[in-house]
Amino acid sequence: MASTADFKNGLCLEFNHDIYTITEFQHVKPGKGAAFVRTKLKSLTNGKVLDKTFNAGEKVTTARVEKRPHQYLYSDEMGLHFMDTDTFEQIRIEEKLIERANLMKEGQIVDVLVHAETETPLTVELPPFVELMITYTEPGIKGDTATNALKPATVETGATVMVPLFVEQDTMIKVDTRDGSYSERVK
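This report concerns the structure included in the present document. (Residues numbered from 1 in each chain as written. Predicted model: local features only at pLDDT ≥ 70, side-chain atom pairs only at ≥ 80, totals over all residues. Heavy atoms only, no water.)

1. With respect to the overall build of the protein
- Each helix and strand in the protein was counted, giving 0 helices and 16 strands.
- Against the globule reference of 16 Å for 187 residues, the protein gives a C-alpha radius of gyration of 20 Å, more extended than a compact globule.
- If you line up the protein on its principal axes, its C-alpha atoms span 55 × 50 × 30 Å.
- The buried share among the 187 residues of the protein stands at 37%. (Helix = DSSP H or I, 4+ residues; strand = E, 2+ residues; numbered from the N terminus. Rg over C-alpha atoms; globule rule 2.2 N^0.38 Å. Buried < 20%, exposed > 50% of the residue type's maximum accessible area, 1.4 Å probe, protein only.)

Next up, the structure:
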């Protein structure tokens, strides 16, 4: 059990016969009335997002979730396939349950969240940054703009990332997996 004071992003809760993770929360203390906590909960079983308000001090049941390192193998019409790096056991997870699945390269090590009591794989957490090669982008023309302009670039996984005009094709870049944005060029 945890109270609303223990809320933090990434905390997993058992709520409405499902497992949710907190993606956002805000503690609100109005001038009149009792304090409360507004949350955005994302279901780890079907990916739906739910807005829920809890009274301050309310108790909730936490879910036991473990992070286990897995290697991303490949994707097909059944979903994305991963291999446990310790036991070499393979699992499949639907693509809709994974945020920014289009930034994963084959062979990349990721953390798979597993429900500890039922041993059910729930979702995948990517590392904060990934290094990807740009396979296609239009050439940037100098003097086009007075401010820092961006152009679309396709990376090796097929995802489209907005990059600055000076970034060329066949350049390695670092991409932030939390929001899918360009971070920097890799030296």
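2. A word on the sheet that holds strand S5 (residues 49-55)
- Taken in spatial order, the 6 strands of this open sheet run S1-S6-S2-S3-S4-S5, and their pairing is antiparallel. Here the strands that pair on one side only, and so sit at the sheet edges, are strand S1 (2-3) and S5.
- Bridge analysis of S1 against strand S6 (residues 59-62) gives 2 bridges, and the strand direction is antiparallel. Across the sheet, the residue bridging to Ser 3 is Lys 59, located in S6. (Pairing = 2+ DSSP bridges.)

3. Topic: the packing of aromatic side chains
- Overall, the coordinates contain 4 aromatic pairs when judged by the stated rule.
- With a centroid separation of 6.0 Å and an interplanar angle of 70°, the aromatic rings of Phe 15 and Tyr 20 are classed as edge-to-face.
- Look at Phe 15 and you get buried, because its relative accessible area is 18%.
- When its relative accessible area of 10% is taken as the criterion, Tyr 20 is described as buried.
- Residues Tyr 72 and Phe 82 carry aromatic rings whose centres are separated by 5.5 Å and whose planes lie at 50° to one another, so their mutual orientation is tilted. Taken together, the residues Tyr 72 in strand S7 (residues 65-76) and Phe 82 in strand S8 (residues 79-84) connect sequence positions 10 residues apart. Per residue, the accessibility class of Tyr 72 equals that of Phe 82, and both read buried.
- Ring pairs connect the aromatic residues Phe 7, Phe 15, Tyr 20 and Phe 54, which therefore count as one cluster.
- For the cation-ring pair, Lys 52 lies above Phe 54, with the distance from its terminal atom to the ring centre recorded as 5.4 Å.
- The aromatic ring of Phe 129 is capped on one face by Lys 174, whose charged end is 5.8 Å from the ring centroid. (Phe/Tyr/Trp six-rings, centres within 6.5 Å; stacked < 30°, edge-to-face > 60°. Lys NZ or Arg CZ within 6 Å of the ring centre and 35° of its normal.)

4. Digging into the pairing of strand S14 (residues 160-164)
- By the bridge criterion, 5 bridges tie strand S13 (residues 150-155) to S14 in an arrangement that is antiparallel. Residue pairing in the sheet places Pro 152 in a bridge with Met 162 of S14.
- Hairpin geometry of S13 and S14 is characterised by an intervening segment of 4 residues between the two adjacent antiparallel strands and by a positive phi of about 100° at Gly 158.

5. Looking at the pairing of strand S2 (residues 12-15)
- As paired strands, S2 and strand S3 (residues 18-28) are joined by 4 bridges and run antiparallel to one another. Considered in S3, the bridge of Leu 13 is made with Tyr 20.
- As consecutive antiparallel partners, S2 and S3 are separated by 2 residues, and within that stretch Asn 16 has a phi angle of approximately 55°, a positive value.
- Where S2 meets S6, 2 bridges bridge the pair, whose relative direction is antiparallel. Note that in S6 the partner of Leu 13 across the bridge is Thr 62.

6. Notes on unusual backbone geometry
- Positive phi values are uncommon outside glycine, yet Arg 100 reaches one of about 55°.
- Given a relative accessible area of 31%, Arg 100 falls into the partly exposed group.

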